[in-house]
Amino acid sequence: MADSGPGAAEAPPLGRETLARIRRSKQLYPWASSAILPSLWAVQEELGYLTPAALLAVAEELGLEPSEVEAVATFYSMYFRHRAGEHLIQVCRNVSCGLRGADELLRHLERALGVEDGGTTEDGAFTLEGTVECLGACGGAPMMQVDRISYENLDAAAADAVLEQVRSGAPRGRRSRARA
Amino acid sequence: MPEVKVLTRHFGAPGVTGLEGYRRVGGYRGLEKALRVGPEAVAAEVKASGLRGRGGAAFPTATKWSFLPQGVFPRYLCVNADESEPGCFKDRVLLEEMPHQLIEGAMIAAFALQVSHAFIYIRGEYRRQRELLERAVREAYSAHLCGPSVLGGEWGCELIVHGGAGAYICGEETALLDSLEGRRGQPRLKPPFPAVKGLYGQPTVVNNVETLSNLPYIVVEGGAAYAALGTEGSPGSRLFCVSGHVQSPGTFEVAMGKTTFRELIELAGGVRPGHHFKAMQPGGGSMQILGPQHLDLALDFKAVSDAGSSLGAGALVVMDETTCLVDVSMRLVDFYRHESCGKCVPCREGTYFESELMHRLEAGLATEAELGTLPDVCRAMDGRCFCPLGDTATWFVMSAYRMFPEEFHSHCGAGACPVRSALGAAA
Amino acid sequence: MAAVEAPGELLRVTIDDRQVEVAPGSLVWDACEKAGVYVPVYCAHKKLEPVAVCRMCLVEIEGMPKLQPACATRVSQGMQIRTATDQVRDFRRGNLEFLLLNHPLDCPVCDRGGECDLQDFTQRYGPGRTRSAITDKVHFDKAVRLSDRILLDQERCILCWRCVRYYEEVTGEREIVLQERGVHTLVDTFEHRELQSEFQGNLPEICPVGALTHAQYRFRARPWDLRRTASVCPKCSYGCNIFIDAREEQIARFASNDNPDVDDSWLCDRGRYSFPELNRTERVLNPEARLGGGRQPVAHSEALARAAGALLRVRGDHGAGAVGFLCSPQVTNEEGFLLQWLARQVVGSPHLDHRLEPLPELSPEQFRLGIAELEERDAVVVLGDAPERSAPVLTLRLFKTETKRRRRVLRVPLGTPAASLLEPLQGCRSVGVVAHQEQRSEAVALSRSLAGAGLSSSVLTLVEGMNARGCQDLGVSPAVLPGYQPAAEPGMHGRAILEAAAAGSIKALVLLSPDPEWERDPAFEAALSEVEALIVVTPWLGLASRQATVLFPGRTVAEKAGTVTSTEGRVQRVRTALQPRFPFPPDLRVLGELGGALGTPLGVQPLAGPVFSLIAEAVPPYRGTQGGLRADWGAPA
């Protein structure tokens, strides 16, 4: 409905791989409704966000009312209902990060990307989000996640390096481990 | 030396994140022993260990298990890996360093409780940790450490990793169950309690990652040995996450009841150089502030509770003299406003009221009369909400206001944060 | 804390120094109600499970450190409850301050103004003004058209969840759900889809504020301008209890008047929104009679004399069998009874019916099962293709029976042999059979077979038309006399009467409240154009009023008093909610006086009360039922 341009209505909302994942999840749980969250993850990984047509398709696959699926989809903060930038940057500003310079980090990113908190860069490469839950990296504060991968102990230079790495598409496998 | 090593003793051992490495350090001997001695013997060891839940409520684990009604099957075990408490990252460390230790603990509990399905509910933000955990679960399945016949025996249990999608409230156990069932993760009306009517309407136990990670040690070494690490009121060891204005933030495993806050802060390298201690928040974002007068308190449930706070989920946020407590309160209140599920009025609207007020106060815009409403607003929330989220959204801010009233009053009509202004002037 | 309770023992609790005894399992809220102590609630609703989200009902309970929700806390023996302490008052004030933070305060343009729990509780318990400096409230959409019947104002919503729970628990349709979270939470349909439910009219009624409102009632009235009259929904035979809310002799709305044994407080949209037809102003306003070439207004007495004259003439010329009597099932019991008196006793004709199509053989056995009793049966067999279509509210009772009461509900096609039901009914001791009136004989046969297999079984038949059941009980049909006594000489059924009229053997027709639908039937038109004398009592302009030789202005169901009998045999009162626009006597008096004019005085005043006494004499099961009881037709044969 919302995003259906001409011809979009005929295109199946979900790819075969996504449908297969949804059906596998459905088998995993005693109740089909338990497969809503895994199914929505599968959809978001394919489409980048949750379209109304995709919610309908999930409801259909799981034998649920579409309203139930939408009720769930809108409750959780990590599902997107609109297309965001290609990469999502989230800066934790909870207490531990706040004490160690999260506000400065966010301001630096705003300047570096030329967007305000909540905005998406003109080229659509980055969306910057500064209102997130504590991301469980208080020991490496300040931190940010890019596409749900954590980067910790960041100063301006380190943040720039991460942005550069993301822009260049270099592999970003090296995880930053919480210090034990 | 206050540090002890139970959960962390094999951290960093070669390959210990994988099955083979974990086996090399004695992994899964606890599960083997559990299967040998039987469910009742396992439960007895857990009781002897005095283990209390590490998720924040510190409820005795053996007692929680004992609430399951006799003879009602299927039963379910849920592992609460929805760690989201501000200041806490210990479950994350356990998941990253030794996922098999958790899996073994979960299977020991599953066996003791005779459940057929165990679910690990991991917060959506822990993407990497989830991938590590899923890999470990696959290894465990292929080694028959979980699945239809565990270690070739009669008992079997499926182990399913379930990812959340961004909701702090799902750490509350009944909200976790609703979320796992595919609903909005909102807390349930109790009774019935999960032990009687939990996941899919069946008897269910929800245990925290750290709680379960202790089980391999308790089963192998015995409950009494575990208990002896700590004191009578606070048995065993515990992971604390130290963050904020310390030299070396991180997680530290210490003996319960025998270690003081000061010693814990020293383990983290002490307050950063050139600065001095102002206040601390133990337990995570929900708990009350403690001051310099509390530094020599032991990490003991009762001692900390008597001081008006709690060990909660094992966090410690240290604040030095540069900290504005109005600012800290504002950040926490914002967090609760963002994470309120919206189910009950005092939490949904109260956190909004609080947060708008704290923003005006931190900006130096609020009047004395507005600040005067803060205690009323908090009183209409604390103990009145449907679940602890809304109650605890008032605890830090009110305790900070009581401990540092001048700092709050100095913001009224100041036009800017006076603490920040003073820092700027000094620099 | 509480003493150990013996099962079934009443629990003695104290509420603000008043003592009451309540049954085990009662909620503190129930106990407060019994003690006459008012506790404010938003989320709690007698027909829905407790959720304790609004917190408005928090009270002090001795021994519990925190305030507890009265709506969700079960009482225990000796419980001490306090509702009027400073702590409770302080919290109510604080909670209302919270609720008003993001409320638009648009009471002057809100349909609920004057009957809004947010207004009322704020008046009674709330703060006079907010102390928040928040200038930028959280905004939502206003006047969202959820359907042509329902509007949603998301800003006025206080998120009590009643509408969401209504869909979950009562209809099972889940059209409205909660979306988003925290202070941004709202109720909505999937992608703003239009509501499809045929029970959506209940939403504004369970909404405690002005969030869900009736499109039809928008800006129509203030509650203090309405005159409320308890009556019965006219749209089908189920007998839902309603309030007719009228303003200036126009119906503004139908509202539910909870009868747990019948409607359980729910109405269907077909019934609830049917009232505009009763507000139509194109009406028969005067008695009229055909004089010479045309028809003219005449005095009531002249109309009576002309009607009697015409009937006597036909009877004299062609015999009593040349007069036919027809009414619709919208007549009251009293009217129907007098019509059959007029036909059989006064004129002496057996040709009498309340519908056109013939009915299978009638007997009380077709009606033994009550609506509320469905919930007590171990299983319910619903025979045929969705018989509840003709009584929609039954759908909700069946859903409740199946979900909340956990009884088996089997839907079986016509022709299902009883033997094939024994397997799915295994373990059941009692069963109810529900069928549409057209399948009544098959339902009785099935029920008898099940009884033969050792089950206790009885039938609920759904008849068509508000008072079809009353018409059948009281013999307004050709083959049975009042009380299902077989007629010695059965007359013609409705359609046969029309055909005989068209063919010329029926010369005079008396029509009482004829169904406007009949006018589309060629047989009706043919009959009306052929008869010599056509006596019509009707409120509505149409073929019948045009063709009448003598016409009396009739009253709608909202303009008269009497009783009607619902499909389960419950005798309920309809009351005069509107004063008619003309000064002429009601239908019942027309019938009584016509008898007198024909030479057979009625013997009692032609008023509902005295005529009901005649009914009770003729049909003993009706004795003492007019207060809303089911007529007792005795144990099954």
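Keep in mind that this is a model prediction, so the values were computed, not measured. (Residues numbered from 1 in each chain as written. Chains lettered and ligands numbered in written order. Predicted model: local features only at pLDDT ≥ 70, side-chain atom pairs only at ≥ 80, totals over all residues. Heavy atoms only, no water.)

1. Focus: unusual backbone geometry
Here the amide bond leading from A141 of chain A into P142 of chain A is cis, since omega sits at -5°, within 30 degrees of zero. Its location among the elements puts P142 of chain A in the loop between β2 (126–129) and β3 (144–146). P191 of chain B connects to P192 of chain B through a cis peptide bond whose omega is 5°. Tracing the sequence through the fold places P192 of chain B in the loop between α8 (173–180) and β4 (204–208). (Helix = DSSP H or I, 4+ residues; strand = E, 2+ residues; numbered from the N terminus.)

2. Topic: empty space enclosed by the protein
Counted under the stated rule, the structure contains 11 cavities of 30 Å³ or more. Estimated volume of the largest cavity: approximately 130 Å³. A per-class count over the lining of the largest cavity returns six nonpolar, four polar and three charged. (1 Å grid on protein atoms, 1.4 Å probe; cavity = no way out; pocket = protein on both sides within 12 Å on 5 of 7 lines; lining within 4 Å. Points joined across faces, edges and corners; volume = space filled by probe spheres on them. Nonpolar A, V, L, I, M, F, W, Y, C, P; charged D, E, K, R; others polar.)

3. Quick word on the domain arrangement of chain B
Residue and element names in this part refer to chain B. As assigned here, chain B comprises domain 1 (19–228), domain 2 (230–320) and domain 3 (325–426). Placing a centre on the C-alpha atoms of domain 1 and another on those of domain 3 gives a separation of 36 Å. Across the contact, 12 residues belong to domain 1 and 10 residues belong to domain 3. Here domain 1 and domain 3 share an interface that buries about 870 Å² over both sides, 72% of which is from carbon and sulfur atoms. Sorting the residues of domain 1 by area buried against domain 3 places Y168, I169 and P187 first, and these three jointly supply 53% of that buried surface. At the surface where domain 1 touches domain 3, the tally comes to zero salt bridges. (Domains from an automatic or database assignment. Contact = heavy atoms within 4.5 Å. Buried area = accessible area lost by both parts, 1.4 Å probe. Salt bridge = Lys/Arg side-chain N within 4 Å of Asp/Glu carboxyl O.)

4. Here's the deal with the sheet that holds strand β1 (residues 76–81) of chain B
Residue and element names in this part refer to chain B. Strand order in the open sheet formed by four strands is β3-β2-β1-β4, and the pairing between neighbours is parallel. If you trace the sheet from one side to the other, it starts and ends with β3 (158–163) and β4, each paired once. Ignoring which end each strand starts from, the neighbouring axes of this sheet average 20° apart. Bridge count for β1 against β4 is five bridges, and the pairing is parallel. Across the sheet, residue L77 finds its bridge partner in β4, namely V205. (Pairing = 2+ DSSP bridges. Axes fitted to C-alpha atoms, helices over the stretch in contact; angles between N-to-C directions.)

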